[in-house]
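Residues per chain, in single letters:
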Amino acid sequence: MTSVDIIVPCYNEEEGLALFYQETQKVLEQMKGYTFTYILVDDGSYDQTLNEMKKLAVIDSHVKFLSFSRNFGKESAMYAGLQASTGDLVIIMDADLQHPPSMIPLMMKGIEEGYDCAAARRSSRAGEAPIRSFFSRFFYYLSNQMTNVKMAYGAVDFRIMTRRMVDAVLKLSEVERFSKGIFAWVGFETKWYPYENVERAAGTSKWSFWGLFRYALSGITSFSIVPLRLVALMGIVISLGAFVYILATLTQTLLFGIDVPGYVTTLCAVLFLGGIIELSLGIVGEYIAHMYMESKKRPIYILKESNLQDTKE
Ligand code: UDP
Ligand code: MG
């Protein structure tokens with residue numbers, strides 16, 4: 001028997017959790033040769049999510065739960081789940097049924113074929129605002145240009161991983177986690193499974209546009225130092241330009257004398273350079289912020305309650 005842990009990060013999922021469990025159970029019951037354990041991670045929900053988890057744990061001893069002291073974010077929830085997992089295989093999926101459980105048997109075939117990872121990827125972005133898909137595409141383009149790790153477009157956090165890949169992921173213990181990058185960074189062969197985007201079963205998405213924007217930005221800066229190099233490059237280009245301009249102006253002044261005062265030119269130059277300097281500071285600041293957060297070495301999550309130890313010897 002292969003043991004499989006299913007990690008489900010949950011933040012205010014009281015409406016959908018029971019349904020998620022039912023739908024997933026239907027699929028898992030058909031699968032022979034595997035024993036499944038749920039690791040439900042309550043990411044500091046302020047609704048009845050934890051109680052829903054406890055109810056499930058009463059009816060099914062294979063349901064384990066962890067509950068955070070506050071909302072630490074999905075990344076932290078996934079990390080906690082991975083740390084708690086002991087199975088030969090680990091599945092990560094969302095609680096809102098946007099990651100169809102019916103794909104599990106199919107994806108499991110990939111693992112049986114010898115892949116270390118079987119992951120889902122959205123083939124369409126139906127039901128999503130065009131502006132959001134545009135920025136998403138742009139983000140993948142940018143980050144793939146700037147980093148060595150190649151992230152697959154449309155990849156979601158729905159995947160099955162082998163123990164050795166999970167152990168590798170756990171070795172990256174950074175506080176500011178960007179899983180899409182981490183999964184790509186650790187390597188191993190991934191088999192991709194396209195699927196059609198599904199609407200949420202219940203509740204609402206926890207992502208705002210700016211939330212996503214910040215996430216994408218920190219994703220790029222945690223995996224690439226290209227933006228820092230760009231700052232230096234920008235400095236070189238502007239300095240060269242300025243040098244040429246100074247030479248030209250100097251020659252002109254020597255040959256023809258000083259003409260009309262260059263008010264507009266000066267203003268443009270000052271504003272332009274001011275902008276560039278602010279931008280560069282911002283980019284450098286982004287990296288300092290990362291260093292600051294990492295150097296504090298704060299825990300990635302704080303546990304409030306769990307039934308993990310209950311049955312363990
Ligand atoms: N989630 C979480 N912590 C958060 C936000 C979300 O654990 O701070 C969980 C959420 O309960 C869900 C999954 O992460 O199971 C995906 O979240 P959501 O559906 O809001 O994101 P989307 O599907 O819109 O990308
Ligand atoms: Mg969702």
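These lines cover the structure that appears in this document, whether it is placed above or below. (Residues numbered from 1 in each chain as written. Chains lettered and ligands numbered in written order. Predicted model: local features only at pLDDT ≥ 70, side-chain atom pairs only at ≥ 80, totals over all residues. Heavy atoms only, no water.)

**Describing the pattern of salt bridges**
At step 1: The final tally for this structure, using the stated rule, is 8 salt bridges.
At step 2: One salt bridge in this structure joins Asp94 and Lys74, with 2.9 Å as the shortest N-O distance. With Asp94 in the loop between β4 (89–92) and α4 (104–112) and Lys74 in helix α3 (residues 74–84), this pair connects stretches of sequence that are 20 residues apart.
At step 3: Residue classification places Asp94 among the buried positions, given a relative accessible area of 15%.
At step 4: Between Asp116 and Arg164 there is a salt bridge, with the nearest N and O atoms lying 2.7 Å from each other. Of this pair, Asp116 sits in the loop between α4 and β5 (117–122) while Arg164 is found in helix α6 (residues 163–171), placing the two residues 48 residues apart along the sequence. (Salt bridge = Lys/Arg side-chain N within 4 Å of Asp/Glu carboxyl O. Helix = DSSP H or I, 4+ residues; strand = E, 2+ residues; numbered from the N terminus. Buried < 20%, exposed > 50% of the residue type's maximum accessible area, 1.4 Å probe, protein only.)

**Some thoughts on the packing of aromatic side chains**
At step 1: Evaluation of the coordinates by the stated rule reveals 13 aromatic pairs.
At step 2: An angle of 75° between the planes, with centres 5.4 Å apart, marks the rings of Phe134 and Phe135 as edge-to-face.
At step 3: A centroid spacing of 6.4 Å and a plane angle of 55° characterise the contact between Phe178 and Phe223, whose relative ring orientation is tilted. Residue Phe178 is found in the loop between α6 and α7 (179–185), and its partner Phe223 is found in helix α8 (residues 209–223); the two are separated by 45 residues along the sequence. Summarising the burial analysis for this pair, Phe178 and Phe223 share the class buried.
At step 4: Feature note: the residues Phe139, Tyr140, Tyr153, Phe178, Tyr215 and Phe223 constitute an aromatic cluster, connected by ring pairs.
At step 5: Lying over the aromatic face of Phe72, Arg70 brings its terminal NZ or CZ to 3.8 Å of the ring centre.
At step 6: Positioned above the aromatic ring of Trp192 is the side chain of Arg121, whose terminal nitrogen or guanidinium carbon lies 5.1 Å from the ring centre. (Phe/Tyr/Trp six-rings, centres within 6.5 Å; stacked < 30°, edge-to-face > 60°. Lys NZ or Arg CZ within 6 Å of the ring centre and 35° of its normal.)

**Focus on the sheet that holds strand β7 (residues 190–195)**
Within a sheet, neighbouring strands are paired by backbone hydrogen bonds and run either parallel or antiparallel to one another.
At step 1: Read across the sheet, 8 strands follow the order β7-β5-β6-β4-β1-β2-β3-β8 without closing on themselves; strand pairing throughout is mixed. Across the chains shown, the open sheet's two edge strands, defined by having one partner strand only, are β7 and β8 (303–306). Sheet twist, expressed as the average angle between the axes of neighbouring strands with direction ignored, equals 20°.
At step 2: One ladder, built from 4 bridges, connects β4 with strand β6 (residues 155–162); its direction is antiparallel. Opposite Ile91, over in β6, you have Ile160 as the bridge partner.
At step 3: Packing of α4 onto the sheet brings it into contact with β1 (2–10), β2 (34–42), β4, β5, β6 and β7, and relative to β6 it is tilted by some 50°. (Pairing = 2+ DSSP bridges. Axes fitted to C-alpha atoms, helices over the stretch in contact; angles between N-to-C directions. Contact = heavy atoms within 4.5 Å.)

Any functional reading would require information beyond the geometric quantities listed.
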